[in-house]
Amino acid sequence: MQKIELRKAYRNKRENLSFKTIQSQSLKISNNILQMKIWSFLYYHTFLTITQSKEVDTSYLITLLQGKDKNIIVPKTISDNQLENYLLTDNTLFKKSKWNIPEPVEGIIVNEKQLEVIFIPLLAFDKTGNRVGYGKGFYDTLLAKCNTDVLKIGLSFFEPEERIEDISEHDVPLDFCVTPDVVYEF
């Protein structure tokens, strides 16, 4: 399928998820992440959930990272496809962006080169690790600035598509995608 078709189909799939399902599936995803061999790193970047879009709830993941004393980095949009990365602290204040994304108001900026693991939002992914996001290119732009060995981990309620047909040269594939039932490695 083409990205535009996948965006529509997976937005509809998400729309049909109940709050209870989102919470239970998000917890399963976090429990699967706990089993991964990714805990030797220090800097973990994670998206913050857009509740209205019924995204994977990353609050469970953040609690997990805090329990392991990891540096948690969260994004803030600074232009149409640029993210700035902030260290999450007990004092971090949040404000919703124009896309209803909770974002840090201010704080300690972390350079992209320090990021070692990035948890990436997505709508769909395929069996080779390609993903479909919202189409703005925020994460592809961020990943292009990171070290090449940064671990890219998608989070999805759904299983992979066979193939995303219209992948471009700027699309950065995932290393893993975690669903409630399976951790896919590419």
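The rules we used
Residues numbered from 1 in each chain as written. Predicted model: local features only at pLDDT ≥ 70, side-chain atom pairs only at ≥ 80, totals over all residues. Heavy atoms only, no water. Helix = DSSP H or I, 4+ residues; strand = E, 2+ residues; numbered from the N terminus. Rg over C-alpha atoms; globule rule 2.2 N^0.38 Å. Buried < 20%, exposed > 50% of the residue type's maximum accessible area, 1.4 Å probe, protein only. Contact = heavy atoms within 4.5 Å. Pairing = 2+ DSSP bridges. Arc of directions from axis to C-beta. Salt bridge = Lys/Arg side-chain N within 4 Å of Asp/Glu carboxyl O. Core = buried A, V, L, I, M, F, W, Y, C linked by side-chain atoms within 4.5 Å. Axes fitted to C-alpha atoms, helices over the stretch in contact; angles between N-to-C directions. Phe/Tyr/Trp six-rings, centres within 6.5 Å; stacked < 30°, edge-to-face > 60°.

(A) Structural detail: the overall build of the chain. Looking only at helices and strands, one finds 4 helices and 11 strands in the chain. Scaling as 2.2 N^0.38, a compact globule of 186 residues should have a C-alpha radius of gyration of about 16 Å, and the chain matches this with 15 Å. Counting the 186 residues in the chain, one finds 50% classified as buried. Once local pairs closer than 6 in sequence are excluded, the contacts in the chain between residues at least 24 apart make up 69%.

(B) Spatial organisation of the pairing of strand β6 (residues 117-120). The alternating pattern of β6 places V117 and F119 and I118 and I120 on opposite faces, both of which are buried. The pairing of strand β1 (residues 43-46) with β6 spans 3 bridges and is parallel. Within the sheet, the bridge partner assigned to H45 lies in β6 and is I118. Where β6 lies against strand β9 (residues 151-155), 4 bridges are found, and the strand directions are parallel. Paired with I120 across the two strands is G154, which belongs to β9.

(C) Focus on helix α3 (residues 59-67). Within the sequence span of α3, burial applies to L61, I62, L64 and L65. Buried residues of α3 fall within an arc of 160° about the axis and therefore sit on the same side. For α3, exposure combined with an orientation more than 90 degrees from the buried face picks out T63 and G67. Within two residues after α3, D69 carries a phi angle of roughly 55°, on the positive side.

(D) Examining the pattern of salt bridges more closely. Per the stated rule, a full pass over the model turns up 4 salt bridges. One salt bridge in this structure joins D171 and K3, with 2.5 Å as the shortest N-O distance. Pair noted here: D171 is in the loop between β9 and β10 (176-178) and K3 is in helix α1 (residues 3-15), with a separation of 168 residues, a long-range link. For the pair D171 and K3, a shared accessibility class is recorded, and that class is buried. A salt bridge links D140 to R131; the nearest nitrogen and oxygen atoms lie 3.2 Å apart. Across the pair, R131 and D140 agree in class, each one buried.

(E) A look at the nonpolar core. I33, I38, I118, F119, Y139, I153 and L155 are the most contacted members of the largest nonpolar core, which has 51 residues in total. With residues up to four places along the chain from it excluded, the contact list for I153 reads M36, I38, V117, I118, F119, I120, L174, F176 and V178.

(F) Fine view of the sheet that holds β9. Across the sheet, 7 strands lie side by side as β3-β2-β1-β6-β9-β10-β11; this open sheet has mixed pairing. Looking at the sheet topology across the chains shown, the edges are occupied by β3 (83-87) and β11 (183-185). Taking the axes of each pair of neighbouring strands and ignoring which way they run, one obtains an average angle of 25° across the sheet. Across the sheet, helix α4 (residues 138-145) touches β1, β2 (71-77), β3, β6 and β9, and the angle it forms with β6 is around 170°.

(G) Local environment of the packing of aromatic side chains. In this structure the tally under the stated criterion is 6 aromatic pairs. Ring geometry for W99 versus F138: centroids 5.5 Å apart, planes at 75°, classification edge-to-face. With W99 in the loop between β4 (94-96) and β5 (102-104) and F138 in helix α4, this residue pair connects regions lying 39 residues apart in the sequence. Overall, the relative accessible area of 28% leaves W99 in the partly exposed class.

From the geometry alone we can't say anything about function, so treat these as descriptive.
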